[in-house]
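Structural overview
In case you want the letters, here they are:
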Amino acid sequence: TEIYTLSLHDALPISESGSLTFDLKVTSNPSGAVVSYYRRGDSPHPYADPTTVVIPSLPYAIWYVKIEKPGYKPLVREHDPFHSLDHVVNVELSR
């Protein structure tokens, strides 16, 4: 039997500032939606590329993701990285 010891540092990504971070992948159907993200009380941060949306190095906090596409209803989804460990937001847009 071999025993390995892993620290929290080994298991979770840590930014240069020393805080825990994660990458958030956002997909929409249909694709090509404009994505913005924010924490409660903050202004939305638009993400520049609507075709490949992986928002890198977000600090561990509850984030809100807004998905908009002309001709479809805008949607807001909450992502809690403490409970949703896959860090993926999938959205089906409706007209």
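Calculation rules
- Per-chain numbering applies: the sequence of each chain, read as written, is numbered from 1 onward.
- Given that the model is predicted, a residue must reach a pLDDT of at least 70 before its local features are reported, and side-chain atom pairs must reach 80 or more before they are shown or counted; all residues, however, enter totals for whole chains, interfaces and linings.
- Heavy atoms from the whole structure form the basis of all side-chain values; hydrogens and water molecules are not counted.
- Categorising residues by exposure relies on relative accessible area from a 1.4 Å probe, with only protein chains included: less than 20% of the type maximum marks a residue as buried, more than 50% marks it as exposed, and the intermediate range marks it as partly exposed.
- Put simply, DSSP H or I for four residues or longer makes a helix, DSSP E for two residues or longer makes a strand, and each gets a number counted from the N terminus.
- Two strands make a pair as long as DSSP finds a minimum of two bridges between them.
- Note on ring pairs: Phe, Tyr and Trp rings are taken, using the six-membered ring of Trp, and paired if centres are within 6.5 Å. Classes follow the plane angle, with under 30 degrees stacked, over 60 edge-to-face and the rest tilted.
- By the criterion applied in these results, polar contacts are pairs of N or O atoms within 3.5 Å in which, for protein atoms, one can donate a hydrogen and the other can accept it, and in which residues neighboring in sequence qualify only through two side-chain atoms.
- One number per residue, pLDDT, summarises how confident the predictor is, and it ranges from 0 to 100.
- The criterion used for residue contact is that any of the two residues' heavy atoms lie within 4.5 Å.

Let us look at the pairing of strand β2 (residues 34–38). Of all the 5 residues making up β2, 4 are buried; the element is thus mostly covered by neighbouring parts of the structure. Linking β2 to strand β3 (residues 45–46), which pair antiparallel, is a turn of 6 residues; within it G41 sits at a positive phi near 90°.

What follows is about the packing of aromatic side chains. Tallied over the entire structure, the rule returns 4 aromatic pairs. Between Y38 and Y64 the ring centres are 5.7 Å apart and the planes differ by 25°, which places this aromatic pair in the stacked class. Here Y64 lies in strand β5 (residues 63–68) and Y38 lies in strand β2, a separation of 26 residues in the sequence. Judged by relative accessible area, Y38 falls into the buried class, the value being 18%. Residue classification places Y64 among the buried positions, given a relative accessible area of 13%. Through a chain of ring-to-ring contacts, the aromatic side chains of F22, Y60 and F82 assemble into a single cluster.

In spatial order, the strands read β3-β2-β5-β6; together these 4 strands make up an open sheet with antiparallel pairing. Where the open sheet ends on each side, the last strands, each with one partner, are β3 and β6 (75–79).

Here S84 shows up in the loop between β6 and β7 (88–92). Judged by its relative accessible area of 24%, S84 falls in the partly exposed class. At a separation of 3.1 Å, a polar atom in the side chain of S84 contacts the side chain of D86.

What follows covers the confidence of the model for the chain. On average, residues of the chain carry a pLDDT of 82, and 77% of them reach 70 or more. When pLDDT is averaged over each helix and strand of the chain, the minimum, 46, is found for helix α1 (residues 8–11) and the maximum, 94, for β6. Contacts for the low-pLDDT stretch residues 4–15, under 50 throughout, to residues beyond four places or in other chains number 11 contacts.

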